[in-house]
Amino acid sequence: MFFFFADLWFENISSAMVWLKLCLLSLFAVSLAWSEDTLSSQQESTLAHTGEPSPSSTDNLSFPWSRLRLPRYIIPRHYHLLLHPNLTSLSFTGSVQIQIDVQNNTNWVVVHSKGLQISKATILDQNLVLPVLHHPSHEQIGIFSPRVLISGQKYFLYIEFAADFAEGFYGFYKSTYTTTAGETRTLASTHFEPTSARMAFPCFDEPTFKANFSVRIRRTPEYISLSNMPVVKTVELSDGLLEDHFAPSVQMSTYLVAFVVCDFKSVTAKTSSGVQVSIYAAPEKISQAYYALEVGVKMLDFYDEYFNIPYPLPKQDLIAIPDFQSGAMENWGLTTYRETSLLFDPVTSSVSHKLWVTMVIGHELAHQWFGNLVTMEWWNDIWLNEGFARYMEYISVEATYPEFKEYLLNTCFAAVGLDSLNSSRPISSPAENPTQIEEMFDTVSYDKGACVLHMLRHFLTDNVFQTGIVRYLRKYSYRNAQNQDLWDSLTTTCSDEDFIAGNHCYSRGQATKNYLFAGEHLNLTAMMNTWTLQKGVPLVTVTRKGSRLLLRQDRFLRTVMPSDPEWPALQQGYLWHIPLTYKTDASGAVHRHLMMSQTDSIHIGEEVSWVKVNTDMTGYYVVHYADGGWDTITKLLRENHTALSYKDRTHLIHNAIQLVSAGHLPLNQALDLLGYFPRETHTVPLLQGLNYLEAIYHMIEKRDEIAYILQFFRAVIDEQTWSDSGSVSERRLRSEVLSLACHLDDPRCVERARQHFRDWLQSNKTLNLPTDVATTVYSVGAREDDGWASLLDTYKTSLSEAQKDNILFALTCSRDTNKLQRLLELGLEGDVIRSQDLSHVVMFVARNPQGHHLAWDFVKKNWDHLVQKFQLGSPCIRNILISTTGQFSSPKELTEVKLFFESIKEQASQLRATQIALDNLKKNVRWVQRNLGVLRSFLTLVSIPMKNRNCNGVRKYV
């Protein structure tokens, strides 16, 4: 197939004639050059994406490559990149010189380029300006050299280019902020992951093409420039510009390259090993950067020791970008953040916000090893980056800020929620085009990845796990890795030196001695393939038969019931190697068993009265206690709930509610389980039960029946103070409980919040509200017209992003649909409410019972605008679709959503998010059909008054 191609440039007529002669001679060589991944002309035609706009071509040349991935035999080694961003014209010019190694004879170099105007391309030892062909649908350009590039030789490809700053949040894009004097200031920043470096400069934009980068940036004197490495010198140019020269980088993938031009200020400190850590922020917000500086230094020191591999760069900058779609990005040496993810204002930021900042920094700095030092080979294994970083958040925070100890349970619960839908995917999944790759950044990669690693750590023991990942990092430093490389690193019995050298000395007999499951037949690759190469989460059904536990594993599904005709087909072929753990009343020990078949059994003894499987939820599986097993658990909780750890109690609550959703457990039995709650004293199970009960009532929108929640948790509500006193867990519980109580119109809560709001207004908004209850106070104040308008005015001028986040949520709690509609419109306009926050506004409005259909109608009406703003496969689009449809629970609403997805079929067919949304909605419909009557009957029969439950109140939250 022949395609049209872009303009040709020649330095002179003689060069043109040489090119024309050589072109004819080299056409045959061109067709033979692609010896790796060689395609016949018929295959080329098939792979050319019929129906897309034809790539540029002439009668003599066609675009030489039809695959999305670049050919493998031209390898970039070093980029010399010069950029000149103009913050007045909102455009940039640049040039890149790429040192390439050629491994097969060829006339063509194919690289990525998207939205760039290529003005010149040449090979430096050739006195020719070379023709450039464009393939827009593949985001590639082909550069033709009339002289064959010889295998084994080194060449320097030189390209000049220009572009406007990108619209949105990818590539090289514009951001702005407003000073207290009302002046709007502009900066330019980058976000390249996963496939947007090609929007800033022509490059080999795939993770395996690691190279060094030497960056130069031109700027005017009022700005500074930042990149991955430190500035080694600044040159003053004749036109008054300054040119910053950065030190050459270590070898890294293109998606980790970063540069920023801004007028920010910074605060700086050093780690114990001498690495300079700097926090950059807008000048009037730099006072909010000191906590992040403390965390950054602590985290780098921790990771240096934990991984036993020194951080390899001389500096680590962390910068708060005013316009930023995701939470943060791990660019090596220059991590970029949303302002809410980096800045902490002691006056307006809550303890939950402080924890958030700590976790995000822990995540991004973990990436400096997992992702940057060792990078997944392709995006199908992005979990090797994101799953590890998510898991290391918890390990690092527990080590450096033990008072902030966060619990992995909620992360695993979120993973199970998605993974129990048929629309889920395996952790390691195919992903080829940019939309598919974008969709890989999801709950499966992050949360399930972290939970599977947590299970693996407990399976191997802490020491074996840590030693194995250090081996993995050492062997694959500055390289790329796959799943198998990780399993080999964890199971080898080689010395570090032998392993890194590639020697094979694994012995199953030796390795078995390292594991807690010693004596069982172990094949870690086979075991972990069942968790990473197939989708879903297992359901382990436990049945007590005398002295034995009978076990059965099935695929856990919440969208299809065992009675449905499609059930057998959806179960076929699923089998996991499950590292089971359990405890009994007969022993305080944790017992272990590796379940590798669909049915199994364990001897526990006649004397055992209760068994709790999946101790502390260290395993990624749901447990169902059949034949009266749940009655035994419920009795235990009512009589002696502290016989089980708080993690086990939380796990039981989660499993019971999930089993109701899947049709394995009656709703009234799950609610019976919660009957012990007046005796519960730990934050984690309390909040878990509270959130599930709220979700149940929220779905059916029976406001009069919500009184049950208020009375059920009356003692907990009444013990809360409207202050910032207490431990971290006490403060977090206070924030959640009072927020829910006021949301459910508890009279005492609402009146107290109103009084705080009146006091705040009367102080001309100078009163410092307790940070842990500020959102609740604002939310109640926003119910009145004057309060809503006053909060919107404060939102426009506040320098605290934490306060703005609290206010924005409060504004969406209004029960006035006109106000909710206005917020959606302000988010779409992008001035008062930044575009980066639009997806949050849509989600918040959708959660409001008055805003369910308002938010959905907004999405349908503005779908094209939303896709243009956020990109089709982005997390923002995914969250918008799932959050707006997730509130629906009627067959009529299901039909309406299906019709809309049908109307955008071309886009919807590319998205897994549309299938997830439909699965969620179907689950909700079935839940209401199956449980609404049961719920009403239960509430009629249940004895509500707390005084009849012999509850003395909650005295302490651990």
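Conventions adopted
Residues numbered from 1 in each chain as written. Predicted model: local features only at pLDDT ≥ 70, side-chain atom pairs only at ≥ 80, totals over all residues. Heavy atoms only, no water. Axes fitted to C-alpha atoms, helices over the stretch in contact; angles between N-to-C directions. Helix = DSSP H or I, 4+ residues; strand = E, 2+ residues; numbered from the N terminus. Parallel < 35°, antiparallel > 145°, perpendicular 65-115°, else oblique. Left-handed = near helix turned anticlockwise from the far one by under 90°. Contact = heavy atoms within 4.5 Å. Expected span 1.5 Å × (residues − 1). Buried < 20%, exposed > 50% of the residue type's maximum accessible area, 1.4 Å probe, protein only. Salt bridge = Lys/Arg side-chain N within 4 Å of Asp/Glu carboxyl O. UniProt positions renumbered as here; feature names shortened; annotations may be inferred. Polar contact = N/O pair within 3.5 Å; in protein donor to acceptor, adjacent residues only side chain to side chain. Core = buried A, V, L, I, M, F, W, Y, C linked by side-chain atoms within 4.5 Å. 1 Å grid on protein atoms, 1.4 Å probe; cavity = no way out; pocket = protein on both sides within 12 Å on 5 of 7 lines; lining within 4 Å. Points joined across faces, edges and corners; volume = space filled by probe spheres on them. Nonpolar A, V, L, I, M, F, W, Y, C, P; charged D, E, K, R; others polar.

Viewed as axis vectors pointing N to C, helix H24 (residues 774–781) and helix H26 (residues 801–811) meet at an angle of 40 degrees, and their least axial separation amounts to 8 Å. By the angle class used here, H24 and H26 are oblique. Here H24 runs over H26; the crossing is right-handed. Of the residues in H26, those in contact with Ala774, Thr775, Tyr778 and Ser779 of H24 are Gln803, Asn806, Ile807, Phe809 and Ala810.

Let's shift gears to helix H3 (residues 290–307). Helix length check: H3, at 18 residues, gives a terminal C-alpha distance of 26 Å against a target of 26 Å (1.5 Å per residue), a fit within 8%. Counting buried residues along H3, 13 of its 18 residues qualify, which places the element largely inside the surrounding structure. Positive backbone phi, at 55 degrees, marks asparagine 308, one or two positions downstream of H3.

What follows is about the pattern of salt bridges. All told, the structure shown has 40 salt bridges when counted by the stated rule. The closest approach of N and O atoms between lysine 114 and glutamate 139, which form a salt bridge, is 3.5 Å. With lysine 114 in the loop between strand S3 (106–112) and strand S4 (117–123) and glutamate 139 in the loop between strand S5 (132–135) and strand S6 (140–149), this residue pair connects regions lying 25 residues apart in the sequence. Here arginine 457 ties to aspartate 462 by a salt bridge, and the two come within 3.2 Å at their closest N and O atoms. For arginine 457, a relative accessible area of 18% translates into the label buried.

Quick look at the UniProt feature "binding site: Zn(2+)" (unreviewed entry) in the protein now. With numbering matched to this structure, UniProt assigns "binding site: Zn(2+)" (unreviewed entry) to His363, His367 and Glu386. These residues run over 24 residues, yet every pair of their C-alpha atoms falls within 8.6 Å of each other. Along the chain, histidine 363 turns up in helix H5 (residues 351–367). The class of histidine 363 is buried, set by a relative accessible area of 6%. Those residues in contact with histidine 363 that sit more than four places away from it in its chain are Glu386, Ala389, Arg390, Glu393 and Tyr446. Positionally, glutamate 386 belongs in helix H6 (residues 383–400). Apart from residues lying up to four places away in sequence, glutamate 386 is in contact with Glu193, Glu330, His363, His367, Phe441, Ser445 and Tyr446. Only 3.1 Å separates the side chain of glutamate 386 from the side chain of histidine 363, close enough to count as a polar contact.

Once that is clear, we can look at the nonpolar core. Ranked by internal contacts, the top residues of the largest apolar core, which has 307 residues, are Phe201, Phe204, Ile361, Phe465, Phe713, Trp863 and Phe901. Contacts of tryptophan 863, omitting those with residues within four sequence positions, involve Leu872, Ile877, Leu881, Phe900, Ile904, Gln907 and Leu911.

Below, the discussion takes up the layout of surface pockets. One simple way to see leftover space: roll a probe sized like a water molecule over the atoms. Roughly 960 Å³ of internal volume is contained in the second largest pocket. For the lining of the second largest pocket, the elements supplying multiple residues, two or more each, are strand S8 (171–178), helix H25 (785–797), H26 and helix H30 (863–870). A total of four residues in the lining of the second largest pocket trace back to one element, the largest contributor, which is S8. Tallied by class, the residues present in the lining of the second largest pocket amount to nine nonpolar, 12 polar and 14 charged.

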